[in-house]
Amino acid sequence: MAWSMSFFIFIALLAFAPICFSFKSNNDYLYPQYYYRSCPKAQEIVKSVVAKAVAKEARMAASLLRLHFHDCFVKGCDASLLLDSSRGIVTEKGSNANRNSARGFEVLDEIKSALEKECPQTVSCADILALAARDSTVLAGGPNWEVPLGRRDSRSASLSGSNNNIPAPNNTFDTILSKFKRQGLDLVDLVALSGSHTIGNSRCTSFRQRLYNQSGNNQPDSTLDQSYAAQLRNRCPKSGGDQNLFFLDFVSPTKFDNSYFKNLLASKGLLNSDQVLATKSQASLALVKQYAENNALFFEHFAKSMVKMGNISPLTGSRGEIRKNCRKMN
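Residues numbered from 1 in each chain as written. Predicted model: local features only at pLDDT ≥ 70, side-chain atom pairs only at ≥ 80, totals over all residues. Heavy atoms only, no water.

Chemist: Just to check I follow, could you spell out the packing of aromatic side chains for this structure?
Modeler: Where two aromatic rings form a pair, the distance of their centres and the angle of their planes describe that pair. The full count for this structure, using the stated rule, is 17 aromatic pairs. Taking 4.9 Å as the distance between ring centres and 80 degrees as the angle between the ring planes, the aromatic pair formed by Y260 and F261 counts as edge-to-face. The exposure classification of Y260 matches that of F261, with both residues buried. Their ring planes at 65 degrees and their centres at 5.1 Å tell us that F261 and Y291 sit as a pair that is edge-to-face. Of this pair, F261 sits in helix α11 (residues 259-265) while Y291 is found in helix α13 (residues 282-293), placing the two residues 30 residues apart along the sequence. Taken together through their ring pairs, the aromatic side chains of W145, F256, Y260, F261, Y291, F298, F299 and F302 make up a single cluster. The residue whose ring lies beneath K93 is F105, and the NZ or CZ to ring-centre distance is 4.2 Å. (Phe/Tyr/Trp six-rings, centres within 6.5 Å; stacked < 30°, edge-to-face > 60°. Buried < 20%, exposed > 50% of the residue type's maximum accessible area, 1.4 Å probe, protein only. Helix = DSSP H or I, 4+ residues; strand = E, 2+ residues; numbered from the N terminus. Lys NZ or Arg CZ within 6 Å of the ring centre and 35° of its normal.)

Chemist: What am I meant to see in the state of the cysteines here?
Modeler: On inspection of all chains with the given rule, the structure shows four disulfides. Note that C72 is cross-linked by a disulfide to C77, the S-S spacing being 2.0 Å. The disulfide joining C72 to C77 has a torsion of about 120 degrees about its S-S bond and is therefore right-handed. Accessibility assignment for this pair places C72 and C77 in one class, buried. Each disulfide of the chain joins two cysteines, and with those cysteines numbered along the sequence the arrangement is 1-4, 2-3, 5-8, 6-7. (Disulfide = S-S within 2.5 Å.)

Chemist: Is there a simple way to think about the confidence of the model for the chain in this case?
Modeler: Should pLDDT be low for a region, the predicted coordinates there are not to be read in detail. Overall, the prediction assigns the chain a mean pLDDT of 91, with 90% of residues at 70 or greater. Here residues 1-22 scores under 50 on pLDDT; set against residues more than four positions off or in separate chains, the count is two contacts. (pLDDT = per-residue confidence, 0-100. Contact = heavy atoms within 4.5 Å.)

Chemist: Looking at this structure, how should I read the side chain of T91?
Modeler: You can see T91 is positioned in the loop between α3 (60-72) and α4 (105-118). Separated by 3.0 Å, the side chain of T91 and the backbone nitrogen of K93 make a polar contact. Excluding residues that lie within four positions of it along the chain, T91 makes contacts with L81, L83, D84, S85 and L159. (Polar contact = N/O pair within 3.5 Å; in protein donor to acceptor, adjacent residues only side chain to side chain.)

Chemist: Would you take a moment to explain the pattern of salt bridges for this structure?
Modeler: Two side chains carrying opposite charge are able to pair once their charged atoms lie near each other. Under the defined criterion, the tally for this structure stands at 15 salt bridges. With a shortest N-O distance of 2.8 Å, K75 and D78 are connected by a salt bridge. Look at K75 and you get partly exposed, because its relative accessible area is 34%. For D78, a relative accessible area of 1% gives the class buried. Put simply, K308 and D186 hold a salt bridge, and the shortest N to O gap is 3.5 Å. Of this pair, K308 sits in helix α14 (residues 295-309) while D186 is found in the loop between α7 (173-182) and α8 (187-194), placing the two residues 122 residues apart along the sequence. (Salt bridge = Lys/Arg side-chain N within 4 Å of Asp/Glu carboxyl O.)

Chemist: Before we go on, may I ask you to explain the packing of α13 against α14 in this structure?
Modeler: The geometry of α13 relative to α14 is characterised by a closest axis approach of 5 Å and an angle of 120 degrees between their N-to-C directions. Contact with α13, carried on its side by Q290, Y291 and E293, involves N295, L297, F298 and H301 of α14 and no other residues of that element. Partitioning the contact of α13 with α14 into residue classes produces three nonpolar, three polar and one charged. (Axes fitted to C-alpha atoms, helices over the stretch in contact; angles between N-to-C directions. Nonpolar A, V, L, I, M, F, W, Y, C, P; charged D, E, K, R; others polar.)

Chemist: I would appreciate a short explanation of the UniProt feature "binding site: substrate" (unreviewed entry) in the chain in the present structure.
Modeler: Mapped onto this structure's residue numbering, the UniProt feature "binding site: substrate" (unreviewed entry) falls at P167. With respect to the secondary-structure elements, P167 resides in the loop between α6 (159-165) and α7. Among all residues touching P167, those that are not within four sequence positions of it are F69, F73, I176, K179 and F180. (UniProt positions renumbered as here; feature names shortened; annotations may be inferred.)

Chemist: Any chance you could explain the nonpolar core here in plain terms?
Modeler: Grouped together as the largest cluster of nonpolar side chains are 77 residues, with contacts concentrated most on L108, I111, L115, F261 and M309. Dropping the residues within four chain positions of it, I111 is found in contact with I45, V46, V49, V50 and I128. If you look at the next biggest cluster of nonpolar residues, it comprises 13 residues, including C204, A229, F246 and L270. (Core = buried A, V, L, I, M, F, W, Y, C linked by side-chain atoms within 4.5 Å.)

Here it is as structure tokens:
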């Protein structure tokens with residue numbers, strides 16, 4: 001009888017093993033319950049501050065989501081992006097991908113301050129980024145998911161990594177896919193995560209090259225709807241207006257939904273890095289069509305890809321530190 005009971009327990013543990021241990025990294029684990037004992041109100045505090053910030057400015061949801069993406073693609077999800085320049089540190093905030101566009105740092109400061117009062121030096125800035133990204137998505141009407149936790153914060157930053165690893169608006173499809181694969185992400189992750197552009201804004205300087213053909217005839221990119229291009233040219237002239245903002249998804253700019261993919265099928269993707277998903281690969285086009293037709297499928301794949309992205313090379317165990325201030329090392 002004892003042997004039978006032991007065997008049953010063993011089988012039960014095997015059944016749950018994929019769930020418990022699917023986020024292994026360097027002999028340590030990320031798991032959603034990481035702070036249940038050490039800081040039980042951690043997720044509640046993050047959600048409260050994010051909700052207040054998004055209620056004040058809807059655009060903040062996209063900004064916080066973008067910070068997590070830009071952090072994970074450089075040295076892994078370690079909050080290196082949040083470090084300001086100091087002795088031995090050159091901030092990633094000055095990279096081509098972040099300069100004059102990365103925002104939301106004050107919201108993260110507020111979250112960190114509240115957490116330090118509740119449970120000092122316990123919740124990492126890297127985990128705050130991951131939670132804020134999830135909460136921002138949900139507040140904008142997107143999917144929910146459990147965020148595996150237990151990341152620690154980097155003691156270094158990489159300006160060159162930020163310049164080289166983060167996909168740029170004018171990158172080719174092959175270059176973007178290569179940058180994703182370098183992080184252990186695949187085509188499904190690329191297309192699903194690109195769907196985050198269903199919310200947020202982009203600057204004129206990020207897509208101007210699509211409006212004015214460099215050959216000299218000043219005609220828009222052939223993959224861009226001509227009437228849409230004409231509207232964009234009104235506020236994005238050939239010179240000047242670099243910082244003018246435009247919705248990435250003009251149909252429902254503050255709602256997290258699948259209209260982004262419908263826009264791509266109508267040749268109304270704002271950035272070149274958006275539109276190439278529907279023009280340069282039959283495999284990616286097939287995914288764009290699936291997501292345009294099935295919002296639930298997009299939500300399912302997006303949530304899975306966010307968990308996968310959040311597990312890029314996290315610092316765990318004794319590596320890194322838990323910063324007291326997200327902008328500087330302890």
